[in-house]
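Here are the chains, one letter per residue:
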Amino acid sequence: MNIGIVGLGLIGGSLGLDLLAANQDSKQDSEINSQQNNYVWGLSRNPETCKQGEAIAAVNIADTDIENIPDRILAQTDLVVICTPIAAILPTLTAIAPKLPSHVIFTDVGSVKAAIVEPASTICSEFGQRFIGSHPMAGTAFQGILAAERNLFQNRPCVVTPSEDLEALEKVRSLWQSVGMRVFECSPAEHDRAVAMISHAPVMISASLIAACQQENDVKVLNLAQTLASSGFRDTSRVGGGNPELGRLMAEYNQSAVLRSLYAYRQTLQKVINLIEDQQWDQLEDFLAKTQRDRPFYVPE
Ligand code: NAP
């Protein structure tokens, strides 16, 4: 497939690395792998990012202006994946859709779906193009092209949004499967409620934990806590220490679902506080035993 990646950062760069690495693998193993090679062009805002994308082999060519990508490459593009921050997805689509042929299928990687899928589909339909929403559930605490890494998506879940256009849906599914993802289909609204619970609210909760620790005003105790923090605090603080712009956009574009999850969390935390204040140790242990039993539903051992 010929693929365009717009927004060469952690997600866009990592996708390009895997797509181009698959070409190398298929060359080395040409007898058993007859899959066509991917050609990947990139578009990003910063010229330095475009150069770095080419240098690390995340893209074959990249530019800041779609006008500088050769016409014959644009004409043969099958799929364009928009990997910019959430707020730039629709403006980016509006800017580039008119420059691409009508057979192109667009997808995105935004962490919210309801605010994107319908308007994006409307923009694409103006040019006879199709749009399928995606959310590859993979990431690290880092950002930018130099944070891109191979196999980021391996064995991780990916959401695609439903469409009556089964051919377009299948192309987007196979893109994510080709980089090792397990693909699930769900509506934008269901996606947004589910990821608010397991991704967006946890960012706010984890960030609040870090901020609460920093409120300690006994400097000796604060320094000691920072020295003693180990694997437990590494796990519980990881998502609170990630990309601040991404966290803001999750809350801004998925406000009602994020609030719903945070209100449920606040209510549960208040119950835990009450149990501790009232010295209800057996009930507290029962509560923790239940969460111990329930965790594997989310994170299988
Ligand atoms: P990132 O590392 O900051 O990458 C985004 C890249 O987009 C930046 O490097 C920037 O490149 C480029 N960019 C910014 N504005 C642009 C614009 N207007 N036009 C073209 N390029 C632009 O962020 P990311 O983590 O990859 O996130 C990208 C998308 O993936 C977001 O929509 C996010 O919701 C989604 N996502 C993130 C994660 C995660 O955990 N990080 C997981 C799943 C999905 P320049 O250097 O050229 O400015």
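Parameters at a glance
Residues numbered from 1 in each chain as written. Predicted model: local features only at pLDDT ≥ 70, side-chain atom pairs only at ≥ 80, totals over all residues. Heavy atoms only, no water. Helix = DSSP H or I, 4+ residues; strand = E, 2+ residues; numbered from the N terminus. Contact = heavy atoms within 4.5 Å. Areas by Shrake-Rupley, 256 points an atom, 1.4 Å probe, with all protein chains shown as cover. Lys, Arg positive; Asp, Glu negative; His and termini not counted. Charge placed at Lys NZ, Arg CZ, Asp CG, Glu CD. Salt bridge = Lys/Arg side-chain N within 4 Å of Asp/Glu carboxyl O. Buried < 20%, exposed > 50% of the residue type's maximum accessible area, 1.4 Å probe, protein only. Arc of directions from axis to C-beta. Polar contact = N/O pair within 3.5 Å; in protein donor to acceptor, adjacent residues only side chain to side chain. Pairing = 2+ DSSP bridges. Axes fitted to C-alpha atoms, helices over the stretch in contact; angles between N-to-C directions. Core = buried A, V, L, I, M, F, W, Y, C linked by side-chain atoms within 4.5 Å. Near = heavy atom within 4 Å. Patch = residues over 30% accessible without salt bridge, like charges linked within 9 Å, V, L, I, M, F, W, Y side chains within 5 Å. Right-handed = clockwise from strand over helix to strand, strands pointing away.

Trainee: Break down the overall build of the protein for me, citing the residues and quoting the values.
Mentor: Counting its secondary structure elements, the protein contains 12 helices and nine strands. The C-alpha extent of the protein, read off along each of the three principal axes, is 70 × 40 × 40 Å. Taking as baseline every contact in the protein between residues at least 6 positions apart, the subset at least 24 positions apart corresponds to 72%. Accessible surface computed for the protein: about 17000 Å², of which carbon and sulfur atoms make up 53%. Across the protein, the mean location of the 23 positive side-chain charges is 2 Å away from that of the 34 negative side-chain charges.

Trainee: Now, about the pattern of salt bridges: what can you tell me, with residues and values included?
Mentor: Tallied over the full model, the rule gives 10 salt bridges. Taking the shortest distance from any N to any O, the salt bridge between lysine 171 and glutamate 167 comes out at 3.8 Å. One end of the pair is lysine 171 and the other is glutamate 167, both in helix α6 (residues 166-178) and four residues apart, which spans about a single turn. Of the residues examined, lysine 171 reaches a relative accessible area of 26% and is grouped as partly exposed. One salt bridge connects arginine 248 with glutamate 252, and the closest N-O pair in it is separated by 2.7 Å.

Trainee: I'd like a description of helix α10 (residues 244-253), backed by residues and values.
Mentor: Of all the residues in α10, the buried ones are Gly247, Leu249 and Met250. Viewed along the axis of α10, the buried residues span an arc of 165°, placing them on a single side of the element. Exposed side of α10, more than 90 degrees from the buried face: Pro244 and Arg248 are the residues found there. Its buried side turned inward, α10 meets α4 (86-96), α7 (188-214) and α11 (255-277). Looking at where α10 begins, the residue whose side-chain oxygen comes 3.0 Å from the main-chain nitrogen of glutamate 245 is asparagine 243.

Trainee: Provide a residue-level description of the sheet that holds strand β9 (residues 182-185), including the pertinent values.
Mentor: Pairing is mixed in the open sheet, where three strands are placed in the order β7-β8-β9. Among the strands making up the open sheet, the edge pair consists of β7 (134-136) and β9. For this sheet the average axis-to-axis angle between neighbouring strands, irrespective of direction, equals 20°. Judged from the three bridges that link them, β7 and strand β8 (residues 157-160) form a sheet pairing that is antiparallel. Bridge pairing links serine 134 to valine 160 in β8.

Trainee: Mind laying out the nonpolar core, listing which residues take part and the relevant values?
Mentor: Ile5, Leu15, Leu19, Val81, Phe153 and Trp176 are the most contacted members of the largest nonpolar core, which totals 36 residues. The leading source of residues in this core is helix α1 (residues 10-28), at six residues. When near neighbours in sequence (up to four residues on either side) are disregarded, phenylalanine 153 contacts Ile11, Ser14, Leu15, Asp18, Pro136, Ala138, Trp176, Val179, Gly180 and Met181. Counting residues in each nonpolar core, the second largest holds 25 residues, with Ile69, Ile86, Val117 and Cys124 among its members.

Trainee: Can you lay out the site of the ligand for me, pointing to particular residues and giving the numbers?
Mentor: Neighbouring the ligand are 25 residues; Ser44, Thr49, Thr84, Ser111 and Gly144 lie closest to it. Here the ligand has 890 Å² of accessible area as a free molecule, and 86% of this is covered by the chains. Broken down by secondary-structure element, the contributors of at least two residues to the shell around the ligand are α1, α4 and β7.

Trainee: Please give an account of a nonpolar patch on the surface that cites residues and values.
Mentor: A cluster of nonpolar residues, Met197, Ile198, Phe297, Tyr298 and Val299, forms a patch on the protein surface that exposes about 580 Å² of accessible area. Where the nonpolar patch is concerned, the elements lending two or more residues are α7 and α12 (281-298). Summarising the element assignment, valine 299 is placed in the segment after α12.

Trainee: Before we move on, can you summarise the pairing of strand β4 (residues 79-82) with the specific residues and values?
Mentor: Remark: a regular strand shows side chains that alternate across the two faces of the sheet. Covered by surrounding structure in β4 are Leu79 and Val81 together with Val80 and Ile82, the residues of both alternating faces. In the sheet, strand β1 (residues 2-6) pairs with β4 via four bridges, with the strands oriented parallel. When the sheet's bridge partners are listed, valine 6 is paired in β4 with isoleucine 82. In terms of strand pairing, β4 meets strand β5 (residues 105-108) through four bridges, oriented parallel. By the bridge assignment, valine 81 is partnered in β5 with threonine 107. Read as a crossover between parallel neighbours, the route from β4 over α4 to β5 is right-handed.

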